[in-house]
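Coordinate inspection notes
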Amino acid sequence: MNVPIIDPLQGDFPEVIEEYLEHGLMKCIAFNRRGTLLVAGCADGSCVIWDFETRGIAKELRDNDCVAPITSVCWSKYGHFILAAAVDKSLTLWDVVSGEKITRVPLQQNTLHARLHPGSSRPTLCLACPLASAPVLVDLNTGSTTVLPVSAPDTGNDSLPLPRNKFADGSPPFTVSSASFNKHGDLIYVGNSKGEILVMGTNDRNVKAVVSVPGGSVIKNIVFSRNGQYLLINSNDRAIRVFENHLPQREASKALDEISESSEELQYGEKLKWLGTKCLTFFREFQDSITRIQWKVPCFSGDGEWVVGASASKGEHKIYIWARSGHFVKMLEGPKEALTDLAWHPLQPLVASVSMSGLVYIWAKDHTENWSAFAPDFKELEENEEYVEREDEFDLMPETEKVKASEVNEDEEIDIMTVEKNSSFSDSDAEEELSFLPAIPLPDSPEQQDKYPGCPSKIDESTHSDSPFSEEVRVNGIEANVEASPTEEDASLNVSIKRKRKLSEKGAEMQAAKSRKPLLKLKASSKSKMGKKTKETKNTTSSLCEVGVKDD
C-alpha cells in the first residue's frame, strides 16, 4: 500500500466490500502472520489456501477420512503448518508445503476453537475449546489430552462433597468456556461461566492468578492483540471489554512467579485475585446501548488500534468498528445473511468476513483522491488567486536551484541485498517463514468434461475432415471447389454429352443444307415470353449443330 497517498485525517479502517471469494461452502478463515495467505475451512472437510495477493487458490488440503464441516482453522507461527478442527470431534495437523496430513487426533467432544502453541516453529501442543466442557491441552505427538481447570481451587472446602451435576473441577456441565495462549505461549488464559479469567502456566497447568471481569457473565471469547499488550473479552452480557496486559512479553510466567513470591503473607484466594490485578487491568467497554445485540468473533486490528465485533443476530451481516479509545467509528452492513467468522488482515486495513452462504467478503478502504500527496509543492486552493510569476521561473537553471548544494554522495555503494525488518513484527527469529505458495491450476470438473467426451476440438475436425466426399473431390493433390453451383455442373455435363452424340442421317442432311444457305436472323419479339424462349432454343440448336458439323 502506498502510505503517503493516504489522507492522515481519515481512519485506517475498511469501509466497503471490495470483492468476494467463492469456493464451495466456506465456514471459517484465518490469515497467516504476514497476511499473504488465507486459509478457509469448508463444509466438506477440506481446507482451501488462498493467495491473498492474487486472490487465487494456491493449494487445497483434503482428507478422505474427514468429510465433516470444519469449525476452526489456525496457522503455526511461521506458516508451515495448519491445524483444523472438524465437527467429527477430530483435530488434523497439515503440512502446508507438501499438502500431506501429519497427524489426526480424535477428541471426546466437538471443538469450537483450536489454537496452536505460538512459541515454537514446529508446534507439538494445541489448545482446544470444546462445545460443552472445559478447555483441553492436546499433545499432537502422542495424542494425549489434559483438561484445564475452569475454576480456582479453594483450599478450605476440600472435604466438602461436590454438588450434583458438577465435574471434578467444580464446573457445571454444558458450560461454554474459552481459552487462549499469550503472545509467546508460556501462559494460558481461561475464561469460565462465572465471569473470571484464570491465568495458568502452560507447563505445570497450575492457576497462578484470577481476574474478575465486570458483569460476572459467561466469557465466550478471549483474544490477544498482535503485540500482546491488550486482551479482548466477549461476554454473554452483550458487551466487549478490553484489558491491558502488564506482564512482559517474554518469560511472563517467570515474572508472575517472582511477583507471587513477594506476597506470601496473603491467603491463597486473596493472593490469586491480587496477582490478577498485577496481570490485567480493565481498560474499556464496548456495546450497542440501543439494540443490545450479542457479539461474535471479536478481534483487534493488525496494529491494535481498532476493535471489531460482528452481530450475532440471524439474517444480519453487520460489522461494528470502534477505536480503542472508546468511540464508535463505523458500521459495515453486508448482505442479508448471517455472519459465521471474521478476520482482520495483519498489516492492511482489510477485513475478511464469512457469510452463511459460504462466501468470503473482502472489506477494504474506500480511497479518495488527494492530489496534495503526490507532490510536496502542490497546494490546494479554495478559490482563485492571482499568480505572480518569478523572474527566473522559466530559466533553464533557476537561481534557487543553483544555491542548493547537492548533499548526495554519488560514490557511496547502495545495498540492495539486505532486507529491512518489518516494524510490525517484534521478534527477530531467523526461521524461514512461508509467505507464498506456487499456484497450481486445478483440473476441470467432471461436469465440464462430460459435455465434450472424446472431442478435443470441433474446429479441427471441420477443417481437417477425411470423409469420402472430400477424398473424391481432390484431384492430383489439389482440392476441387466443393461448393460449385449445381447449375454449372449440369450445364457442363449436358454440353459434353451433346458433343459426343452422333447425328442421324436426316440431321446430317439438314446440317448440309444449312451450311450452303446463310443463316436467317430471327427478329426479337417482346409480345410474349414464350416466343423468346422458343427463339432462344432455336438459336441454341443451330449453334450445337454448327459445333457438330465442325467436329465431323
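Keep in mind the model is a prediction, meaning the values are calculated, not measured.

1. Observations regarding the overall build of the chain
- Across its full length, the chain carries nine helices and 30 strands.
- Per-residue burial over the chain gives 38% buried out of 552 residues.
- Accessible surface for the chain amounts to roughly 34,200 Å². Of this, 52% is attributable to carbon and sulfur atoms.

2. Considering the environment of Lys-27
- Relative to the helices and strands, Lys-27 is located in strand 2 (residues 26-31).
- Here Lys-27 falls in the partly exposed class, since its relative accessible area comes to 27%.
- Sequence separation between Lys-27 and Gly-358 is 331 residues; the distance between their C-alpha atoms is 6.1 Å.
- With residues near it in sequence (within four places) discarded, Lys-27 still touches Gly-41, Cys-42, Ala-43, Ile-70, Thr-340, Asp-341 and Val-354.

3. Considerations on helix 1 (residues 252-261)
- Those residues of helix 1 lying buried are Ala-252, Ser-253, Ala-255, Leu-256 and Ser-260. Considered in projection along helix 1, the buried side chains sweep an arc of 160° and stay on one side of the axis.
- Tucked into the core, helix 1 has its buried residues touching strand 15 (187-191), strand 16 (196-201), strand 17 (207-212) and helix 2 (268-279).

4. With respect to the confidence of the model for the chain
- On average, the chain scores 78 in pLDDT, and the residues at 70 or more come to 69%.
- Below pLDDT 50 for its whole length, residues 1-9 participates in 10 contacts with residues either more than four positions away or in separate chains.

5. Thoughts on the sheet that holds strand 20 (residues 240-245)
- Here we have four strands laid out as an open sheet, ordered 18-19-20-21, and antiparallel in their pairing. Strand pairing shows two members of the sheet lacking a second neighbour, strand 18 (219-224) and strand 21 (280-286), which therefore form its edges. Averaged over all pairs of adjacent strands, the angle between their axes in this sheet comes to 25°, without regard to strand direction.
- Bridge count between strand 20 and strand 21: six bridges; the pairing is antiparallel. Across the sheet, the residue bridging to Glu-244 is Thr-281, located in strand 21.
- Against the sheet, helix 2 engages strand 20 and strand 21, with an angle of about 65° to strand 21.

6. Focus: a negative patch on the surface
- Taken together, the side chains of Glu-380, Glu-382, Glu-383 and Glu-385 make up a negatively charged region of the molecular surface.
- Summarising the element assignment, Glu-383 is placed in the loop between strand 28 (360-364) and helix 3 (399-403).
- Judged by its relative accessible area of 60%, Glu-383 is exposed.

7. Observations regarding the packing of helix 1 against helix 2
- One can describe the packing of helix 1 onto helix 2 by two numbers: an axis separation of 11 Å at closest approach and a directional angle of 130°. It follows from the interaxial angle that helix 1 and helix 2 lie oblique. As helix 1 packs across helix 2, the resulting crossing turns out to be right-handed. On the side of helix 1, the interface is formed by Leu-256, Ile-259 and Ser-260, while helix 2 contributes Lys-271, Trp-274, Leu-275, Lys-278 and Cys-279.
- By residue class, the composition of the contact of helix 1 with helix 2 is five nonpolar, one polar and two charged.

8. A few points about a nonpolar patch on the surface
- Residues Ile-414, Ile-416 and Met-417 make up a contiguous nonpolar surface patch of about 440 Å² in total accessible area.
- With a relative accessible area of 68%, Met-417 lands in the exposed category.

9. Section: the pattern of salt bridges
- Applying the stated criterion to the full structure yields 17 salt bridges.
- For the salt bridge of Lys-208 with Asp-257, the shortest nitrogen-to-oxygen distance reads 3.0 Å. On the criterion of sequence distance, the pair formed by Lys-208 in strand 17 and Asp-257 in helix 1 is long-range, its members being 49 residues apart.
- Residue classification places Lys-208 among the buried residues on the basis of a relative accessible area of 12%.

Cut-off values and rules
Residues numbered from 1 in each chain as written. Predicted model: local features only at pLDDT ≥ 70, side-chain atom pairs only at ≥ 80, totals over all residues. Heavy atoms only, no water. Helix = DSSP H or I, 4+ residues; strand = E, 2+ residues; numbered from the N terminus. Buried < 20%, exposed > 50% of the residue type's maximum accessible area, 1.4 Å probe, protein only. Areas by Shrake-Rupley, 256 points an atom, 1.4 Å probe, with all protein chains shown as cover. Contact = heavy atoms within 4.5 Å. Arc of directions from axis to C-beta. pLDDT = per-residue confidence, 0-100. Pairing = 2+ DSSP bridges. Axes fitted to C-alpha atoms, helices over the stretch in contact; angles between N-to-C directions. Patch = residues over 30% accessible without salt bridge, like charges linked within 9 Å, V, L, I, M, F, W, Y side chains within 5 Å. Salt bridge = Lys/Arg side-chain N within 4 Å of Asp/Glu carboxyl O. Lys, Arg positive; Asp, Glu negative; His and termini not counted. Charge placed at Lys NZ, Arg CZ, Asp CG, Glu CD. Parallel < 35°, antiparallel > 145°, perpendicular 65-115°, else oblique. Left-handed = near helix turned anticlockwise from the far one by under 90°. Nonpolar A, V, L, I, M, F, W, Y, C, P; charged D, E, K, R; others polar.

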